Amino acid sequence: MNTLVLQTDFGLVDGAVSAMHGVAKQVCPRLEIFNLTHEIPQYDIWSASYRLIQTINYWPKGTVFVSVVDPGVGSQRRSVGIITKNGQVIITPDNGTLTHLINNDEIVEARIIDEVKSRLPHSQESHTFHGRDIYAYNGARLASNEISFKELGEEIPIDSLVSLEIENARIEDGILKGTIDILDIRFGSLWTNIPLSLVKELGISSGQYFYISIHHKNIRVYHNVLQFVRSFAQVDLGEPLVYVNSLTNLGVAINQDSFSKLYNIGYGSDWKIQLRKVDAEVLKQYGIK
Amino acid sequence: MNTLVLQTDFGLVDGAVSAMHGVAKQVCPRLEIFNLTHEIPQYDIWSASYRLIQTINYWPKGTVFVSVVDPGVGSQRRSVGIITKNGQVIITPDNGTLTHLINNDEIVEARIIDEVKSRLPHSQESHTFHGRDIYAYNGARLASNEISFKELGEEIPIDSLVSLEIENARIEDGILKGTIDILDIRFGSLWTNIPLSLVKELGISSGQYFYISIHHKNIRVYHNVLQFVRSFAQVDLGEPLVYVNSLTNLGVAINQDSFSKLYNIGYGSDWKIQLRKVDAEVLKQYGIK
Amino acid sequence: MNTLVLQTDFGLVDGAVSAMHGVAKQVCPRLEIFNLTHEIPQYDIWSASYRLIQTINYWPKGTVFVSVVDPGVGSQRRSVGIITKNGQVIITPDNGTLTHLINNDEIVEARIIDEVKSRLPHSQESHTFHGRDIYAYNGARLASNEISFKELGEEIPIDSLVSLEIENARIEDGILKGTIDILDIRFGSLWTNIPLSLVKELGISSGQYFYISIHHKNIRVYHNVLQFVRSFAQVDLGEPLVYVNSLTNLGVAINQDSFSKLYNIGYGSDWKIQLRKVDAEVLKQYGIK
């Protein structure tokens, strides 16, 4: 028996998520169910993809995740299940929700779910709530071992899975180049796709300074010299900083304020960030030290 | 041992729901507890009633639901428990929360809870949190089989239960007439009380068009010709549609936008909807096909 | 095996809480986890402290609570665990989150957690998410009995724990003087720190009237004569009232409206409230009876 973890863009204000919980409990009354989040912005497949890579490997091996951000429900988009290298299972519409996992080369097997045969009994007249009728139902059957992953459906090529456009971080001419992948929404921090390993490669360490610039669709919307620190409390209240976030990627934040709100910064492939080391001369220009 | 499912208008921002969880776990540490929703709009008994019929039959038989939208807490309104045809149990103030279940003739037995005898020990000086002291406490005792449904209290006539005003959908002179029962809040779709069976009786099938009009307190606030489709993705982004929702009633929506926000449409007995088939002549007037 | 209950200011919109759940389940797959609330206002240690005393004693003895409102994460502030008189366990940054428990003399033992040794394996490069790496991890080890409370770390003096400024309610010259400790946020009621016992000492009983005044930083922002009633429904819709809240302290509210929004009232040590009995003469001035 594995745990079932659900993610949607349905919110918790109505009965949709509870109907999914109920269906899963009907499949197996002893099944344990957790919510990843149900506050994915509506139709935001990119965020759904990010929240999966942010969390799945903190769960025990074999955990079954159901992710339903599904603007194409009822259309020809496929319903799929995948297994990751670490043995996690994900059930989702094949619409880009697996983008980050594909990009990280994490998927080892993919199967298609037959939406006609493998669905909640007596749900045929509903075509708009596959979260309940297809995904929670099949997720629960997998988590409770009522069916094996092979029994989910036909195997499909991993490279047939839909991926959104995604670009990896890199160093070019001594400049760290990356994307603002997502926001730490509640605290307003920017989470980049630049791993700590690239920072180390550039020879930057804690206490030193970065010159950073943020571009939206090639227009520079922010630039400044910021200190690279271990934690927020190392700068004064209201001061900006660069830090290593909880996925060990670079983050940009303000101590006890929202960077994204203050400077109106968003996330996704249109939002690029660059960082480079600064020398004593530049620091002097910025009045530092 | 059955599962306990809680619904309130308390929100999740403070400790109220957690106190209810704790009380239930004190009754029985092995009890499983789920949240239906705690975001019922404050004092909105109609919505509480709707969220129950939306969800309870997706749960295993014998599940115990506690619903607390209780503007009259501490007054003479009764605390009751009921059993449905399918064997679900509901504990709630008798204030209209059972309206849809009563209207659907779903209730087979009702009992009154003695608020003085059947309450959390040592809670006598609190008169404003029956969600914790009466409902979660007795719900947990029922779900854990500490007491039987009969032991909950005296039987009362089903027709003594409080019901809000409710009107059923019908066909009159070839026109489908119903109410906008509730909103799919997050996505802004209108959920009517018109079942698919009435649509079939009228001889409308997928792909055909409806002329629809929406009235608020007898004033027409929207009218248009919309296509009846199986799923949102069958119309263009931003286009309105009529569809069968997840309870197999008619819904009205916009693909990836909020119908209720765009046209300022609400829900409840003041919001009426009418639909009828349109002929080729009318379609031509609306520039369709 | 005890239950683990989590409280943070992280919100539920991203993956942070789910990562904490996952880490706890990795420690012990059978562990049960509940959310107290994750909607503590950001950085609001006072509210975190209040939500703990509001809820912990409604849970079974031995329940393990993790509270993470942690603006100083990564700084020198300590990570601690405590046991209460009732046998509840709390794991938290030592930043004032224990204020109300300390003030109520509830803590019987305190220990410091070694953030270097007692942390999620392989989490050393992250310095900003102790909720996951230190608190959920150690909370789960305690709840699942993987470690005993003694094994958590070195004992520290209870009086070394950080407390915010806090003042107790009292009677002075026949006047009840207290603080607005917190809001019942969703319903807008004011929850004072004045226990029912002081009201009884003053000889006020249900149905009588109080003259109340509210002061913010010593400026009077509200005053009126209100009836002391058992429950909201005893006054008309939209009328103010004084009542005994679910922690048997005095509350001030409006029946089906928000007192805090209508009069712009906040909470915390800057918000003082005074109440005194009124005689027939004053009632006449206010047009009562």
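All values derive from a computational prediction rather than experimental measurement.

**Quick notes on the pairing of strand β11 (residues 209–216) of chain C**
All names here are of chain C.
Okay, step 1: Where β11 lies against strand β12 (residues 219–227), 8 bridges are found, and the strand directions are antiparallel. Bridge pairing in β12 places Tyr209 opposite Gln227.
Okay, step 2: Following β11, the chain reverses through 2 residues before pairing antiparallel with β12; Lys217 in that reversal takes a positive phi of roughly 50 degrees.
Okay, step 3: Two elements, β11 and strand β15 (residues 271–277), share 7 bridges in a ladder whose sense is antiparallel. Within the sheet, the bridge partner assigned to Ile214 lies in β15 and is Ile273.

**Considerations on the interface of chain A and chain C**
Okay, step 1: Chain A puts 27 residues into the contact, and the matching count from chain C is 27 residues.
Okay, step 2: Of all the secondary structure elements, the ones that give two or more residues to the side of chain A that touches chain C are β2 (33–37), α2 (45–55) and β13 (240–244) of chain A.
Okay, step 3: Each residue belonging to the side of chain A that touches chain C can be placed in one class, and the counts come to 13 nonpolar, 9 polar and 5 charged.

**Some details on unusual backbone geometry**
Okay, step 1: Of note in the backbone geometry, A:Asp105 takes a positive phi value of approximately 60 degrees without being a glycine.
Okay, step 2: Tracing the backbone through its elements, the reader meets A:Asp105 in the loop between α3 (99–103) and β6 (107–112).
Okay, step 3: A tally of 9 C-beta atoms within 10 Å means that A:Asp105 is categorised as exposed.
Okay, step 4: A positive phi angle, close to 60 degrees, is found at C:Asn264, a residue other than glycine.
Okay, step 5: Here C:Asn264 shows up in the loop between α6 (259–262) and β15.

**Section: the domain arrangement of chain A**
Residue and element names in this part refer to chain A.
Okay, step 1: Per the domain assignment, the segments of chain A are domain 1 (4–160) and domain 2 (170–285).
Okay, step 2: The C-alpha centroid of domain 2 is placed 33 Å from the C-alpha centroid of domain 1.
Okay, step 3: Residue-level contacts link 4 residues of domain 1 with 4 residues of domain 2.
Okay, step 4: Residue composition of the side of domain 1 that touches domain 2, grouped by class: 2 nonpolar, 2 polar and no charged.

Parameters and conventions
- Residues numbered from 1 in each chain as written.
- Chains lettered and ligands numbered in written order.
- Predicted model: local features only at pLDDT ≥ 70, side-chain atom pairs only at ≥ 80, totals over all residues.
- Pairing = 2+ DSSP bridges.
- Helix = DSSP H or I, 4+ residues; strand = E, 2+ residues; numbered from the N terminus.
- Contact = placed C-beta atoms within 7 Å.
- Nonpolar A, V, L, I, M, F, W, Y, C, P; charged D, E, K, R; others polar.
- Buried ≥ 20, exposed ≤ 12 C-beta atoms within 10 Å, placed from the backbone.
- Domains from an automatic or database assignment.

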